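Close look at the chain arrangement
The lines below spell out each chain.
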Amino acid sequence: MIILAIDFAKMKLVRYLLLPVVPIYYLVTWLRNMFYDLGWKSSTSYQIPIICVGNLSVGGTGKTPTIEYLIRLLSQDYKVATLSRGYKRESSGFLIADEKATVRSIGDEPFQFYNKFKDVTVAVDSNRRRGISNLIDKKQPDIILLDDAFQHRKVKAGFNILLTAYDKLYCDDMVLPTGDLREPKTGAKRANLIVVTKCPEALSEAEKAIIKKRLKPLPNQDVFFSSIEYSQRILNEKKDLGLNELKDDTFTLVTGIANPKPLKKYLKHKGLKFEHLNFKDHHNFTDDEILSLKKKNRILTTEKDYVRLLPYFKDSDALFYMPIEFKIEHSKLFEEALASFLKT
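To start, this report covers the structure provided alongside it. (Residues numbered from 1 in each chain as written. Predicted model: local features only at pLDDT ≥ 70, side-chain atom pairs only at ≥ 80, totals over all residues. Heavy atoms only, no water.)

Moving on to the environment of K212. Tracing the sequence through the fold places K212 in helix α7 (residues 205-215). On the basis of relative accessible area, K212 is assigned to the partly exposed category, the value being 37%. In contact with K212, not counting residues within four places along its chain, are P217, V223 and F225. (Helix = DSSP H or I, 4+ residues; strand = E, 2+ residues; numbered from the N terminus. Buried < 20%, exposed > 50% of the residue type's maximum accessible area, 1.4 Å probe, protein only. Contact = heavy atoms within 4.5 Å.)

Using the criterion set out here, one finds 2 cavities of 30 Å³ or more in the structure. A volume near 70 Å³ is recorded for the largest cavity. Lining the largest cavity we find Y87, K88, R89, E90, V103, R104, G107, D108, H282, N284 and R308. Considered as a void within the structure, the second largest cavity measures approximately 30 Å³ in volume. Around the second largest cavity, the lining residues are P65, E68, R72, I324, E325 and F326. Within the residue set of the lining of the second largest cavity, elements represented by two or more residues are α3 (63-74) and β15 (324-328). Residues of the lining of the second largest cavity, tallied by class, amount to 3 nonpolar, no polar and 3 charged. (1 Å grid on protein atoms, 1.4 Å probe; cavity = no way out; pocket = protein on both sides within 12 Å on 5 of 7 lines; lining within 4 Å. Points joined across faces, edges and corners; volume = space filled by probe spheres on them. Nonpolar A, V, L, I, M, F, W, Y, C, P; charged D, E, K, R; others polar.)

Interhelical geometry of α3 versus helix α11 (residues 331-343) gives an angle of 70° and a closest axis separation of 12 Å. Considering their axes alone, α3 and α11 lie roughly perpendicular with respect to each other. Handedness of the α3/α11 crossing: right-handed. For the pair α3 and α11, the contacting residues are Y69, L70, L73 and L74 in the first and S331, F334, E335, L338 and L342 in the second. Per-class residue counts for the contact of α3 with α11 are 7 nonpolar, 1 polar and 1 charged. (Axes fitted to C-alpha atoms, helices over the stretch in contact; angles between N-to-C directions. Parallel < 35°, antiparallel > 145°, perpendicular 65-115°, else oblique. Left-handed = near helix turned anticlockwise from the far one by under 90°.)

In this section: the layout of surface pockets. If you add up the space inside the second largest pocket, you get close to 730 Å³. What lines the second largest pocket is a set of 23 residues, among which K198, C199, P200, E201 and I228 lie closest to the centre. For the lining of the second largest pocket, the secondary-structure elements that each account for two or more residues are β8 (222-230), α8 (261-269) and β15. Ranked by the residues each element gives to the lining of the second largest pocket, the list is headed by β8, at 6 residues. For the lining of the second largest pocket, a count of residues per class yields 10 nonpolar, 4 polar and 9 charged.

Our next topic: the packing of aromatic side chains. Counted according to the given criterion, the structure contains 9 aromatic pairs. With a centroid separation of 5.4 Å and 20° between ring planes, the pair formed by F251 and F274 is classed as stacked. Note that F251 is positioned in strand β11 (residues 250-255) and F274 in strand β12 (residues 273-278), a separation of 23 residues in sequence. On the basis of relative accessibility, which here comes to 4%, the residue F251 falls in the buried class. Both rings, one in Y306 and one in Y321, keep their centres 4.7 Å apart while their planes meet at 50°; by these two values the pair is tilted. (Phe/Tyr/Trp six-rings, centres within 6.5 Å; stacked < 30°, edge-to-face > 60°.)

Let us now look at the pattern of salt bridges. Going through the model one piece at a time under the given rule, you end up with 23 salt bridges. Residues D37 and K189 are paired through a salt bridge, measuring 3.5 Å at the closest nitrogen-oxygen approach. Pair noted here: D37 is in helix α2 (residues 22-37) and K189 is in the loop between β6 (159-165) and β7 (193-197), with a separation of 152 residues, a long-range link. Assessed through its relative accessible area of 47%, K189 is described here as partly exposed. With its nearest N and O atoms 2.7 Å apart, the salt bridge here joins K116 to E68. In this pair, K116 is assigned in helix α5 (residues 108-116) and E68 in helix α3, connecting sequence segments 48 residues apart. (Salt bridge = Lys/Arg side-chain N within 4 Å of Asp/Glu carboxyl O.)

What follows is the structure, given as structure tokens:
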């Protein structure tokens, strides 16, 4: 843990030293957006509904639970497909998940979608235009959900949902490499909806009003607030335990996500004792790390990390994950906004 803390401090220092690069990055990304806005660079539109879920930052805003929420909402009435880049996968090109799919072949988040939603087509392709065309040709979906594609301007999604985390709003950030924004804050104008994610349970109306004012949405942009509800149980392939069963025990929390702070806070609020091993987002565990983890009596991790770690724990019941549920305030209004788009 000390080594991880030192590495984080070094990374933070390097990012501040790169502050002079920020104006250059800002200008390049601003010009790129302007070229698309003016039509000097072309975007492809499609006849079927394309819904993009993305953010301005490099991660940690809750795209995966948002996509899962949309799948549950829309798959009742539509034939839904998801298209992701498949970050850190060992394959290339266009792939549709099937029984041979693994985390390594399609990436952790798409594999999680495939594992949970068998009636939904899950595809990956870093070239979103090619991926959409292949999905339309091969699967004829009614709707395509684009995962993390807000900056993919070559595709003109019909509906853009922009996420920003409550504890790190894009209005308080700056562009890379010192900040975490992939593009200037002005990019938010492309969103149809803005969702403030990972909000605390008792968020007052006054604070919501302050956040809306700081985000400065356009007149046509609605702002919604969402939260993550953690399960009272932890699961694996063999067992289903209540959180209260961990109170007289210690365990190891393993995270390879962009922002583990809300999960840590929740577990501490429950009075649980644990050590935390924090890895980078989408971390591919080394053999030495796996050997070290196998020495732990009990490991709790996120669902995304669970699908990466499970192949190494097939003969063990020490690995658990905690399910989460995405909850959005004024869900009826959110659903009406989607329904209005789908009718056009």
